[in-house]
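Below, each chain spelled out in residue letters.
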Amino acid sequence: MKIVFYGAGNMASAIFEGLISSSLLNSHDIYLTNRSSENQLQDYQEKLNIRYSYDDIELLTDADYVFLATKPYDFDSLAERIKDKIQPGNHFISIMAGISINQIKTKLQTQNPIARIMPNTNAQVQQSVTGITFSESFDAGHKDELFKILNSFGTALEVEEDKLHQVTAITGSGPAFLYYMYEQYIKAATKMGLDKDHVDAAVRNLIIGTGHMLEASELEIEQLRENITSKGGTTKAGLDALKKYPVEDIFTDCLEQAIKRSKELAD
Ligand SMILES: NC(=O)C1=CN([C@@H]2O[C@H](COP(=O)(O)OP(=O)(O)OC[C@H]3O[C@@H](n4cnc5c(N)ncnc54)[C@H](O)[C@@H]3O)[C@@H](O)[C@H]2O)C=CC1
Ligand SMILES: O=C(O)[C@@H]1CCC=N1
């Protein structure tokens, strides 16, 4: 199997690093290209034993899956670059937020099968939650194969194309929203009289441990929280303070704004 990545930035690298760690593929079957920063591609070649090229004929010949992994606003330049060189066996996998299958078809001037996926950067540790939707021409055998690829760096869920806006907000951008919350928690914690380095390390381990608890426990999140909350205790005092703020409304606004932006990009 040959897989090509057009774009080797934050999200593409999380995917190919996750793919390589999973051992589903030989790293030699993965080809990278980008706009111009060859040094970065050389680094990946040395570090991961991956190949790279700027020759689109070489890249697209015999390529089974071609990841479109530029920023949405760079897709026009990418489409111009490859549209005359597309081969019949190329299956396109777009990770670009907001750009529809129809837009991709039109810009690439192709009837080849196209899938859109919405992964997140947790792919790098094989924990992406990835939404996927397919064009009609994507056959069952290739769908199965692509699910295997996606499952090698996390879990995948098929959704209707118009639901990808929600997936983009909730789990695509989701890590950034959670990181932002953690940043605020660390900032607040450093005001409590402990050394900043200690707080950074302690909170990082707190987050990692809490994630492992979620993974290991069959209890609902609410129950896990209640198990920590003694009657009249410290957790209750902290939670009572937190509940004075409209936390759910804040996240509703956050997700609605991200969904709105995804729809704007699609227009
Ligand atoms: N970063 C994230 O957490 C997520 C990003 N995405 C999507 O992934 C896409 C890429 O995002 P990032 O990796 O964060 O961006 P990035 O800026 O880190 O990487 C973009 C890559 O595209 C390359 N590129 C630009 N024009 C090109 C061209 N004409 N030909 C070949 N390569 C070209 C750049 O050289 C760079 O390697 C975006 O469309 C975004 O919507 C989706 C899910 C999560
Ligand atoms: O911010 C963005 O547009 C991309 C899509 C999901 C995560 N990052």
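Residues numbered from 1 in each chain as written. Chains lettered and ligands numbered in written order. Predicted model: local features only at pLDDT ≥ 70, side-chain atom pairs only at ≥ 80, totals over all residues.

1. A look at the sheet that holds strand 4 (residues 65-68)
Across the sheet, which stays open at both edges, the eight strands sit in the order 3-2-1-4-5-6-7-8 with mixed pairing between neighbours. Looking at which strands have only one partner, the edges of the open sheet turn out to be strand 3 (51-52) and strand 8 (154-158). Sheet analysis places strand 2 (residues 30-33) next to strand 3, joined by two bridges and oriented parallel. In the strand pairing of strand 3, Leu32 is matched with Tyr52. Where helix 6 (residues 140-151) meets the sheet, it contacts strand 4, strand 5 (91-94), strand 6 (114-118), strand 7 (128-134) and strand 8, and its direction lies at approximately 140 degrees from that of strand 8. (Pairing = 2+ DSSP bridges. Helix = DSSP H or I, 4+ residues; strand = E, 2+ residues; numbered from the N terminus. Contact = placed C-beta atoms within 7 Å. Axes fitted to C-alpha atoms, helices over the stretch in contact; angles between N-to-C directions.)

2. Focus on the site of ligand 1
In the vicinity of ligand 1, 26 residues are found, and the nearest of them are Gly7, Gly9, Asn34, Met96 and Ala97. At the level of secondary structure, the elements contributing two or more residues to the shell around ligand 1 comprise helix 1 (10-22) and helix 4 (75-82). Grouping the constituent residues of the shell around ligand 1 by class yields twelve nonpolar, ten polar and four charged. (Near = placed C-beta within 6 Å. Nonpolar A, V, L, I, M, F, W, Y, C, P; charged D, E, K, R; others polar.)

3. Some remarks on the domain arrangement of the chain
On domain assignment, one finds that the chain holds domain 1 (3-160) and domain 2 (174-266). A straight line from the C-alpha centre of domain 1 to that of domain 2 covers 33 Å. Contact with domain 1, which involves eight residues of that partner, is made by five residues of domain 2. Here the residues of the side of domain 1 that touches domain 2 sort into three nonpolar, five polar and no charged. (Domains from an automatic or database assignment.)

4. Focus: the UniProt feature "binding site: NADP(+)" (unreviewed entry) in the chain
Listed under "binding site: NADP(+)" (unreviewed entry) in the UniProt record, and renumbered for this structure, are Ala69, Thr70, Lys71 and Pro72. Relative to the helices and strands, Lys71 resides in the loop between strand 4 and helix 4. Here Pro72 lies in the loop between strand 4 and helix 4. Excluding residues that lie within four positions of it along the chain, Pro72 makes contacts with Met96, Ala97, Gly98, Ile99 and Leu265. (UniProt positions renumbered as here; feature names shortened; annotations may be inferred.)

5. Observations concerning the UniProt feature "domain: Pyrroline-5-carboxylate reductase dimerisation" (unreviewed entry) in the chain
UniProt tags residues 161-265 as "domain: Pyrroline-5-carboxylate reductase dimerisation" (unreviewed entry). Taken end to end, residues 161-265 has its terminal C-alpha atoms 14 Å apart, with 78% of it in helix and 0% in strand.

6. A closer look at the environment of Asp249
Mapping Asp249 onto the fold places it in helix 12 (residues 247-266). In this structure Asp249 comes out as exposed when scored by C-beta crowding, with 9 C-beta atoms within 10 Å. Through-space distance from the C-alpha of Asp249 to that of Glu161 is 27 Å; in sequence the pair is 88 residues apart. (Buried ≥ 20, exposed ≤ 12 C-beta atoms within 10 Å, placed from the backbone.)

7. With respect to the pairing of strand 2
Remember that side chains alternate between the two faces of the sheet whenever the strand is regular. The alternating pattern of strand 2 places Ile30 and Leu32 on one face and Tyr31 and Thr33 on the opposite face, and all of these are buried. Inspection of the sheet shows strand 1 (residues 3-6) paired to strand 2 by four bridges, in the parallel sense. Bridging from a neighbouring strand, Phe5 pairs with Leu32 of strand 2. Following the chain from strand 1 across helix 1 to the adjacent parallel strand 2, one finds a crossover that is right-handed. Running through helix 2 (residues 38-48), the crossover from strand 2 to the neighbouring parallel element strand 3 is right-handed. (Right-handed = clockwise from strand over helix to strand, strands pointing away.)

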